[in-house]
Amino acid sequence: MAAPTIVVYNLKKSFGDQEVLKGITFKILPGCINFLIGRSGEGKSVVLKHLTGLMRADSGEIWFDNLELSAAHPRDLQALRLQMGLLFQDGALFDSLSVGENVAFPLWFHRITTVKKAQAKAEQLLEELGLAGAGPRKVVSLSTGERKRVALARALVMEPAILFFDEPTTGLDPLLSGQVDELIGHVQKRSGATVVVISHDIAATLTLADQVSMIYDGQIIASAPPQVFKVDPNPEIQKFLAGEPAS
Amino acid sequence: MSLNPASKLVAFLGKTVLESVFHLGRYSLLSLRSLILAIIPPWRLRTVFRQMELVGVNSLFVVILTGIFTGAVFTLQVIYGFRRFSAESMVGPTVATAMTRELGPVLTSLMVTGRVGSAMAAELSSMKVSEQIDALTVMGADPVKYLISPRILAGIVMLPLLTAVADAVGVLGGYLVAIGKGLDPGQFASRIEDIVVIGDVYNGLIKSAVFGFILASVGCYMGFYTRGGAEGVGRSTTHAVVCAYVAILVGDFIMTAIMF
């Protein structure tokens, strides 16, 4: 499947009295690295949960090419999910499975290949990500950086057309953060996938992104290439880039 | 505007009723969906067998202990009472009837709820708070089919088997105590054959299958809808055990009224 164009239109979501998304509208460019940035608590992860179908919007639309998520038939939604990979903030690895079983899980679960071939592919991916021989290890024995890489391997194992990263460098030291950023760039170049990164890491955003969208007060206040984004006159953007508190 | 105590009470009762109806509805839908998904292919037998091992094989020791001591202590009490009326010959049938109809199914279910129902709630709730259930969904794996259906199936299949073991060792425990108390062993056993009917055993096993469904479905429900981090995990586990205990005891009363 070619990387789809994703369009989010007028997305609204409230939790009780708190209106988190107040009509989010933006476009995710296919085959590019798209960053969605914003301060903590602005609803970036909520947008991501809507994009991956984990949350239902109060109103609004999310289009993957010609497929609207809220109206999609479960079969189409399932087909779309097989084209998605998501790296959760804390990895969300299955504690009951070994590292290799975690990575191979989507392959054997959907019976795409034999267990043996799935394990071989998992080992190959782990090797590429610097975790050769880690297959039999227990998830609890992994360091934070290793967990991220295993989770990335699991997200990549189905060769997805769309890859989502939820704050991939949160909790990592600068060295590991740099490595993960490098991996994101490398993976996108190799696969040609559409990559969506939720982040508040300004340096990574300006280095890696093909397109940057910023969420503020429940709305997208800018969506542009990084070189245009960083000179945007919007005071909230400039304050964010300068690391100053919001007004 | 502040409410007077009567209004506060009505508001509290109304909120409680609404919440109870909401949870009951959501629990029923989740249980029904789990059962339907359990019979729709593809079947993941390895996962079901793994759960059967956790629910059944790993609970065997505690169930044997419970059964044997329940039968033994019940026999002690019955001997004490029946001796007053020179009715020692009825000790065997009384113990066997009580074990097969009530004590076997109910105590086995309560023990397994404490051991397995709580573990199901804890495991699923910790998966929920660490986003593992979301990860399953994003990977296109239905978490209800993958996590809940095998557990409920395992509960329904393994509880009758465990209950059969508890019934047998309970009667054995009673038999040993009866002999120790000087009762005629032959009379203990032969009167069981005369009085206890196979329907007592079947109905007890049917009850235990229902209890197996209750303990697994309640444990899974509490775990699956956990909210609020580590505190939520603890709360779900406690609620799972308490709610399953109550549901089993209420269910036992209703089924006993219908069956016997």
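Higher on the page you've got the structure.
From a predicted model like this one, the values you see are computed outputs, not experimental measurements.

1. Some details on empty space enclosed by the protein
Here's step 1: All told, the structure shown has 3 cavities of 30 Å³ or more when counted by the stated rule.
Here's step 2: What the largest cavity holds in volume is close to 120 Å³.
Here's step 3: Contributions of two or more residues to the lining of the largest cavity are made by strand E6 (84–87) and helix H5 (144–156) of chain A together with helix H5 (132–138) of chain B.
Here's step 4: The greatest single-element share of the lining of the largest cavity, amounting to 3 residues, is contributed by E6 of chain A.
Here's step 5: For the lining of the largest cavity, the class distribution of residues is 10 nonpolar, 1 polar and 2 charged.
Here's step 6: Of the voids in this model, the second largest cavity is the one considered here, and its volume is about 40 Å³.
Here's step 7: In this structure, the second largest cavity is lined by Leu 48, Lys 49, Leu 54, Leu 86, Phe 88 and Asp 166 of chain A together with Glu 131 of chain B.
Here's step 8: Here the lining of the second largest cavity is built from residues that sort into 4 nonpolar, no polar and 3 charged.

2. Describing the packing of aromatic side chains
Here's step 1: For the structure shown, the criterion picks out 9 aromatic pairs over all chains.
Here's step 2: Taken together, a centroid distance of 5.5 Å and an interplanar angle of 80 degrees make the contact between Phe 109 of chain A and Tyr 146 of chain B edge-to-face. A residue pair is termed interchain when its members come from two chains, as with Phe 109 of chain A in helix H3 (residues 99–109) and Tyr 146 of chain B in helix H6 (residues 143–180). Exposure class is identical for Phe 109 of chain A and Tyr 146 of chain B. Each is buried.
Here's step 3: Ring geometry for Tyr 175 of chain B against Phe 188 of chain B: centres 5.5 Å apart, planes inclined by 65 degrees, an arrangement best described as edge-to-face. Here Phe 188 of chain B lies in helix H7 (residues 185–195) and Tyr 175 of chain B lies in helix H6, a separation of 13 residues in the sequence.
Here's step 4: You can call Tyr 175 of chain B partly exposed: its relative accessible area is 28%.
Here's step 5: Connected via pairs of aromatic rings, a cluster forms that spans Phe 94, Phe 105, Trp 108 and Phe 109 of chain A together with Tyr 146 of chain B.
Here's step 6: Above the face of the Phe 94 of chain A ring, Arg 154 of chain A is positioned so that its terminal group lies 4.8 Å from the ring centre.
Here's step 7: Geometry around Trp 108 of chain A places Arg 46 of chain B over its ring, the cationic atom sitting 5.9 Å from the centre.

The rules behind the values
- Residues numbered from 1 in each chain as written.
- Chains lettered and ligands numbered in written order.
- Predicted model: local features only at pLDDT ≥ 70, side-chain atom pairs only at ≥ 80, totals over all residues.
- Heavy atoms only, no water.
- 1 Å grid on protein atoms, 1.4 Å probe; cavity = no way out; pocket = protein on both sides within 12 Å on 5 of 7 lines; lining within 4 Å.
- Points joined across faces, edges and corners; volume = space filled by probe spheres on them.
- Helix = DSSP H or I, 4+ residues; strand = E, 2+ residues; numbered from the N terminus.
- Nonpolar A, V, L, I, M, F, W, Y, C, P; charged D, E, K, R; others polar.
- Phe/Tyr/Trp six-rings, centres within 6.5 Å; stacked < 30°, edge-to-face > 60°.
- Buried < 20%, exposed > 50% of the residue type's maximum accessible area, 1.4 Å probe, protein only.
- Lys NZ or Arg CZ within 6 Å of the ring centre and 35° of its normal.

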